[in-house]
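Listed below, chain by chain, are the residues.
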Amino acid sequence: MDVATTLYPVAHRYTRLDARAVADARLVLCDLDGCLIAQGRPFAETADFVAACGDRLWIVSNASDSTARAMSRQLAGLGLAVPAARILLAGETMLEHLAHVENIRRARVFASAALIARAVELGIDPTADVPQAVLLCRDASVTVDTMGPILTQVGQGAPLWVSNEDLSHPGHDTRPVAETGALLAALRAIQPELEWRSLGKPDPMMLTMALTRSGVSAQDAVFVGDNVLTDGAAAAALNMPFVHIQRSIIQ
């Protein structure tokens, strides 16, 4: 018995998106990378799936290099109509939580230019010399040369927040595309006792936000994702039906 069946016996597995799998759900929560798109391009069946779901579709993604507004525009350019109000992304969600709940005003943000700009909009200084928190997102500028300074700042007392723990997501050729979790794994290789907090899946926070805003119960919704250890775990935490899109055997 494989890990998906062992951990999440309610999961249904498909090799591609299929609108029939979610036809009875009042709310369809769907992962982004590896499900709807990969490397900035939709999969062959994505447009039909999005159209069939209509306004039932919410994107709940561990993506941490864009904002909901920017992602909505990007998807529109691909012929996929999903308004920003129905897009929840881990990087932006983490920033909003830190600004509105944790009252963070000084941080060191390792992220894309779009998320750094979003931090500023939220009243967070993203380059503070004495940060209240260190934020790690999917950031191509993080290299072996920047990992030492990140760990130094954490060692000086700033808590580490990580947008998500995903190691990768499958690309169009099913080969893995590295994610934020790969950066976290590199930091942990240097400092095994490293502690951090993440609001990305498998934490069910973003799923709960979508349920609250839509007014739909978990039992009347379905989550569509490509990773059983993050997407599947988040759905299981809420007793929500889970549809597993297994385009690649590598997670």
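1. Points about the overall build of the protein
- When helices and strands are counted, the protein shows 9 helices and 13 strands.
- Here the C-alpha radius of gyration of the protein, 18 Å, is about what a compact globule of 251 residues would show, namely 18 Å.
- Dimensions of the protein, computed from C-alpha atoms along their principal axes, come out at roughly 50 × 40 × 30 Å.
- Residues counted as buried form 52% of the 251 residues belonging to the protein.
- Across the protein, contacts joining residues at least 24 apart in sequence account for 70% of those joining residues at least 6 apart.
- Across the protein, 20 positive and 27 negative side-chain charges occur, with their mean positions spaced 4 Å apart.

2. A few points about helix α4 (residues 90-100)
- Taken across its 11 residues, α4 has 9 buried, putting it largely inside the fold.
- Along α4, the residues classified as buried are A90, G91, E92, T93, M94, L95, H97, L98 and A99.

3. Considering the sheet that holds strand β7 (residues 107-110)
- The parallel open sheet is built from 3 strands, whose spatial order is β7-β8-β9. Here the strands that pair on one side only, and so sit at the sheet edges, are β7 and β9 (160-162). Strand-to-strand twist in this sheet, taken as the mean axis angle between neighbours without regard to direction, amounts to 15°.
- In this sheet, β9 lies alongside strand β8 (residues 133-136) in parallel orientation, the contact comprising 3 bridges. Along β9, the bridge assignment pairs V134 with L160.
- Along the sheet, helix α7 (residues 180-190) contacts β8 and β9; its crossing angle with β8, the most-contacted strand, is approximately 125°.

4. Overview of the packing of α4 against helix α8 (residues 205-214)
- Contact geometry for α4 and α8: axes closest at 11 Å, N-to-C directions at 85°. Viewed along their axes, α4 and α8 adopt a mutual orientation that is roughly perpendicular. Contact with α4, carried on its side by A90, T93 and H97, involves M205, M206 and M209 of α8 and no other residues of that element.

5. As for the sheet that holds strand β2 (residues 27-30)
- One open sheet holds the 6 strands; their spatial order is β1-β13-β12-β2-β5-β6, and the pairing between them is parallel. What marks the edges here is a single partner per strand, and that holds for β1 (12-14) and β6 (87-89). Pairwise comparison of adjacent strand axes, ignoring direction, gives a mean angle of 20° for this sheet.
- Pairing geometry for β2 and strand β5 (residues 57-61), over 3 bridges, is parallel. Bridge pairing in β5 places L29 opposite W58.
- Across the sheet, helix α3 (residues 68-77) lies against β5 and β6, angled at about 120° from β6, the strand it touches most.

6. A look at the confidence of the model for the protein
- Mean pLDDT over the protein: 91, with 92% of residues reaching 70 or higher.
- Here residues 1-6 is a poorly scored stretch, pLDDT under 50, and it has 10 contacts once near neighbours within four places are set aside; other chains count.

Quick notes on the rules
- Residues numbered from 1 in each chain as written.
- Predicted model: local features only at pLDDT ≥ 70, side-chain atom pairs only at ≥ 80, totals over all residues.
- Heavy atoms only, no water.
- Helix = DSSP H or I, 4+ residues; strand = E, 2+ residues; numbered from the N terminus.
- Rg over C-alpha atoms; globule rule 2.2 N^0.38 Å.
- Buried < 20%, exposed > 50% of the residue type's maximum accessible area, 1.4 Å probe, protein only.
- Contact = heavy atoms within 4.5 Å.
- Lys, Arg positive; Asp, Glu negative; His and termini not counted.
- Charge placed at Lys NZ, Arg CZ, Asp CG, Glu CD.
- Pairing = 2+ DSSP bridges.
- Axes fitted to C-alpha atoms, helices over the stretch in contact; angles between N-to-C directions.
- Parallel < 35°, antiparallel > 145°, perpendicular 65-115°, else oblique.
- pLDDT = per-residue confidence, 0-100.

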